[in-house]
Amino acid sequence: MRDDDDQPWRPAAPARASAVWEGAPARSDGGPRAVDVDDAGDLAPAAPDPAVSTAGPLRPPGRASSALTGVARAAAARWRRLAPTRRVAGLLGATALVAALVAVGGVAAGPEYAPVARASFEVDDLRTAPTATAWSTDLRSALAPGAEADCVGFDGSTRLGDDDVLVTTSAQGYVPDSGCEDAPGRLARLDARTGEVLWVADVAEAVGIDAIGLQASVDPATGDALVAVQSIVGSGLARIDTETGEVREVLRGPPDDGATDPVDESDGSDGAEGSDGAEGSDGADGSDGSATGGTADGSDPGYDPEGSGPSTGTGTGTGSSSGTVLQVEGLSTTAVVVSEQPVERFSDGGAAVSQGGRSLYRLYRADDLSAPTWTGNAGAGLSVRLVGDLLVIDVGDEPLVVDARDGAVEPLPGGLRNVESWAASLDGVVLSGRAGGEPTMVSLDSDGALRWSARLPSTSYPSVTDSCISVTVPGGEVTCLDPRTGDELWSRTLQAPGRGGDDGDDGPGSGEAEQVQAYFGTATDDVLAAVVDADEQGDPSGLDRGKEVHALAALSGDERWVTELPVASYVIATSRTTGYAATFFPSGRDTPTLIAFDLSDGRALWTIELSSGSFTSAFWGPTLVRVDPDGVVHGLTTGVELAG
C-alpha cells in the first residue's frame, strides 16, 4: 500500500495453522527462549531443545491470553507494512501515550491531601529540611538600636496580605536595675519573602509610656493596625497606617502623662457627663456614682447600667488621670475595650494588690479612637471577651452583649450564666459555659442574635472552623458540631498511644486518652486532635513521643492520618502537603524544635532546631524563620525552586 493511499488498510487473512496451539518449554537455565529469524525478517519459534525435559503436559493459555496474542500479532503485521516515516510518527505517539498513562496512573495512585480551606493561614510547603537562607535582616539594628541583645525580642505573627508581617518588639528581663529598662516599643512592617523592612514606627514614644510588649491586630476594612502598648502598670493604644507607618490616633496612659482629661470623680447624682465625655451614674443603685468607687462595705456593686450610654466626648484620646491607669482589656480586628482603674490597685511591679471597687470600661471601634461607642461602670477585674464587634461581659449571673458599632446592650441569649471560652465563628462568635448547671455552647451572629444553643458532653474549649466546631471530652471523645445549626455531625473516641499488651509490644493503648487537644489557626479544615498517654504527661522534658495527633475529616470524622509527636509539642501550621509541629520548653533548658510531617499519611519528614532565644513564631507570614540571639532574623528555604 502506498504512503499516500487514502483507501482503508485491509490486511491479508492469516494462513490457517495446522494446530490450534503448540507449546514450547522454557529454558532450564531460566534465560530467554531462543528464537530464529525467517527469510522475511519475522521472528519464528526455535526448534525444541532435546536436552530440555518436557515431562508433564503444558496447559494452553486462557482465552484472554489468546485474544491478546492475536491482537499483538495483527499489530506486528500492520507495523511491518507501514512506511518508515509512519513508523517514526507511531513511535512518538506511543511514547506520548505511555507518558500520559504513567502520569494518570501516578496521580491516581499518589497520596491524597485535603484541600486548603484557609489560604490566609497557609505557609511554605517545605518537603525537605530547609538548608538555605533566603535572606537575613538585622532587626536589632533596625528596631532596637543600642539595646542589649538579651533585652529585646521580636515576633512577626501578625500577617498582612500574602507576604508581609508586622514585627513587634518585647522587653526581655524587664526588671529594675536589669539594664533593660529602656527596651523599645517599636513596630515594623517586613516583607517576609525578601526580609526588607518597609517602615518602623516608635509606638511607645507616640503613646508616651515605657513598653514591655506590643500586641497588634489589623482592621480588614481600613487596613489600619491597632497596637496595644503594655507597660509594667497600665497600657496605651495607637492606630497606625500600615502603608506608611504613620500614627493616626492614640489612647494614652499611664498616670501623669498629661495626655487626657481626668475620669469623672463626682458623685454623679445629677447624671451629668464627666469631663471626659462619659456619662455619670445617678446613684440609684446605691453606688457613689464614681468610676472607681464601691459600696459602703467595699463589695463589688456589679454593672451600673446608668453609666453605660454612648459617650458624646469628642477629644482626641481618653486615658487616665493622675490617680488612674488605662488597661487594654480586649483587642480584636475591629474594636478595642479598655478600663480605667486606680493606680493604688497595682504594685510597682504591676501586680494587683487590692480587689473590689469599680472600674470605668470603654468600648471603641477600631477606626475611631476619638470617642467610645459605649462606657460602663462595673466591678474591678470584670471578665470581658471581645470578638469582632461583640463584647461579652460577665456581670452578676446574667452576662451582657455590647455591640461596638452602636453601643447597644442586650442580655446574652442562650441562657449562659458564665462564659468559659469564646471564639470567632461565621462572622459571629461561639461561647461555651454553663446554662442551668449544664455545659452549653451558644452561637451568635454578627449582630449578637442567637443562632443556636447546644448542650455539650462536658466543659470544653472548642476548636472552630467554617466546617466544624470540635469539642473534646477527657477520655478521648471528639465531637463535631455544625457551625450553622449546632447539630452533631459526628463523634468518635480516640485511643491513647502506649503499650498494646502484656508482651510489651508497641501498639494502640487499651485505655482511653487522658488528654485531648484540638488545634486551630492552620490552613486545613480537618480536626487535628491529640491524645496523650497518661504515663507521659508527667515527663519533665516533654521529649518522649507520647502524643498522637489524629487528622479527622471535618464533615465525616474519618481519619486521614495519625502521627506521633513529643508531648511538649503543638501543631502550629500547615501547607498544602506538609504539617508543622513545634516543641516549647518554658524552662529554656532545651532548644525548641520544629517537626515536619506529611499530611497524607502522617510520616515524619524532617526536624530542625528553632531559635534558641526567646520565643518567636516559627512562621512569619508564609516564611519559616530563625531569629538569632543577637536579633538577626533569617528566612529559611529548601533551596529548591519548582518550575512554574
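Just so it is clear, the model here is predicted, and its values are computed rather than measured.

Can you tell me about the overall build of the protein chain, naming the residues and giving the values?
Within the protein chain, the secondary structure is distributed over four helices and 40 strands. Each of the 644 residues in the protein chain was classed as buried or not, and the buried ones make up 45%. In the protein chain, the share of contacts with a sequence separation of at least 24, taken over all contacts with a separation of at least 6, comes to 49%. Accessible surface, the protein chain: about 31,700 Å² in total, of which carbon and sulfur atoms supply 50%.

Now, about the pattern of salt bridges: what can you tell me, with residues and values included?
For the structure shown, the criterion picks out 22 salt bridges. For Arg127, the salt bridge identified is with Asp598, shortest N-O distance 2.4 Å. You can see Arg127 sitting in the loop between α2 (84-109) and β3 (132-138) and its partner Asp598 sitting in strand β36 (residues 593-598), a full 471 residues away along the chain. Of the residues examined, Asp598 reaches a relative accessible area of 0% and is grouped as buried. Between Arg365 and Asp368 there is a salt bridge; the shortest N-O distance is 3.7 Å. Look at Arg365 and you get partly exposed, because its relative accessible area is 27%. Salt bridges here are not isolated pairs; linked through shared partners, they connect Asp224, Arg239, Asp241, Arg248 and Glu249.

Summarise the packing of aromatic side chains; cite the residues concerned and give the values.
Summed over the entire model, instances satisfying the criterion amount to three aromatic pairs. Aromatic side chains Tyr580 and Trp606 sit 6.2 Å apart centroid to centroid with 55° between the ring planes, which places their arrangement in the tilted category. In this pair, Tyr580 is assigned in strand β35 (residues 578-583) and Trp606 in strand β37 (residues 604-609), connecting sequence segments 26 residues apart. Judged on exposure class, the residue Tyr580 and its partner Trp606 are both buried. Ring-pair connections join several aromatic residues into one group, and the members of that group are Tyr580, Trp606 and Phe619. Sitting above the plane of the Tyr570 ring, Lys547 keeps its charged end 4.6 Å from the centroid.

Outline the state of the cysteines, supporting the account with residue identities and numerical values.
Taken as a whole and judged by the stated rule, the model has one disulfide. Disulfide partner of Cys468: Cys480, at an S-S distance of 2.2 Å. Remark: Cys480 occurs in strand β26 (residues 477-481) and Cys468 occurs in the loop between β24 (463-464) and β25 (469-473); sequence separation between them is twelve residues. In this structure, Cys468 and Cys480 share a single accessibility class: buried.

Describe the side chain of Thr638, with residues and values.
Structurally, Thr638 can be placed in the segment after β40 (632-637). On the accessibility criterion, Thr638 (16% relative accessible area) is buried.

Lay out the side chain of Ser617 with the relevant residues and their values.
As for its position among the elements, Ser617 is in the loop between β37 and β38 (619-620). Among the residues examined, Ser617 registers a relative accessible area of 14% and is labelled buried. Apart from the residues lying within four places of it in its own chain, the contact partners of Ser617 are Asp155, Ser157 and Val625.

Summarise the confidence of the model for the protein chain; cite the residues concerned and give the values.
Considering every residue of the protein chain, the mean pLDDT works out to 73; 61% of them sit at 70 or more. Across the protein chain, the element-wise mean pLDDT spans from 38 in strand β1 (residues 35-37) up to 97 in strand β6 (residues 186-191). Contacts of residues 254-302 to residues separated by more than four positions or lying in other chains number 116 contacts, the stretch itself having pLDDT below 50. When the criterion is pLDDT under 50, residues 306-321 qualifies, and its contacts beyond four places in sequence or with other chains add up to 63 contacts.

Can you break down the pairing of strand β7 (residues 197-202) residue by residue, with the values?
Across five bridges, the pairing between β6 and β7 is antiparallel. For Arg186, the partnering residue across the bridge sits in β7 and is Asp202. Two successive antiparallel strands, β6 and β7, enclose a turn made up of five residues, where Gly195 displays a positive phi of approximately 85°.

Quick rundown of the environment of Gly195? Include the residues and the values.
Turning to its location among the elements, Gly195 is positioned in the loop between β6 and β7. Put simply, Gly195 and Leu139 are 56 residues apart on the chain and 9.8 Å apart in space, counted from C-alpha to C-alpha.

Requested: an account of the nonpolar core, with residues and values cited.
Leu166, Leu187, Val203, Val207, Val227, Val229 and Ile240 are the most contacted members of the largest nonpolar core, which totals 19 residues. Elements supplying a minimum of two residues to this core: β7, α4 (203-207), β8 (213-218), β9 (225-230) and β10 (235-240). Excluding anything up to four places from it in sequence, Leu187 contacts Leu166, Val167, Thr168, Trp199, Val200, Ala201, Val203, Leu214, Val227 and Ile240. Counting 16 residues, the second largest nonpolar core, distinct from the first, contains Leu143, Ala144, Phe154 and Val625.

How would you explain the sheet that holds β26 if you had to name every residue and give the values?
Within the open sheet, the four strands sit side by side as β24-β25-β26-β27. Their pairing is antiparallel. The open sheet terminates on both sides in strands that have one partner only, identified here as β24 and β27 (488-493). In the sheet, β25 pairs with β26 via five bridges, with the strands oriented antiparallel. Following the sheet pairing, Thr472 is matched in β26 by Val478.

Tell me what's going on with the sheet that holds strand β22 (residues 438-444), and back it up with residues and numbers.
If you walk across this open sheet you meet the four strands as β20-β21-β22-β23, and the pairing is antiparallel. Edge positions in the sheet fall to β20 (418-425) and β23 (450-455), since each has one partner strand and no second. If you compare each strand with its neighbour and ignore which way they point, the axes differ by 20° on average.

The rules we used
Residues numbered from 1 in each chain as written. Predicted model: local features only at pLDDT ≥ 70, side-chain atom pairs only at ≥ 80, totals over all residues. Heavy atoms only, no water. Helix = DSSP H or I, 4+ residues; strand = E, 2+ residues; numbered from the N terminus. Buried < 20%, exposed > 50% of the residue type's maximum accessible area, 1.4 Å probe, protein only. Contact = heavy atoms within 4.5 Å. Areas by Shrake-Rupley, 256 points an atom, 1.4 Å probe, with all protein chains shown as cover. Salt bridge = Lys/Arg side-chain N within 4 Å of Asp/Glu carboxyl O. Phe/Tyr/Trp six-rings, centres within 6.5 Å; stacked < 30°, edge-to-face > 60°. Lys NZ or Arg CZ within 6 Å of the ring centre and 35° of its normal. Disulfide = S-S within 2.5 Å. pLDDT = per-residue confidence, 0-100. Pairing = 2+ DSSP bridges. Core = buried A, V, L, I, M, F, W, Y, C linked by side-chain atoms within 4.5 Å. Axes fitted to C-alpha atoms, helices over the stretch in contact; angles between N-to-C directions.

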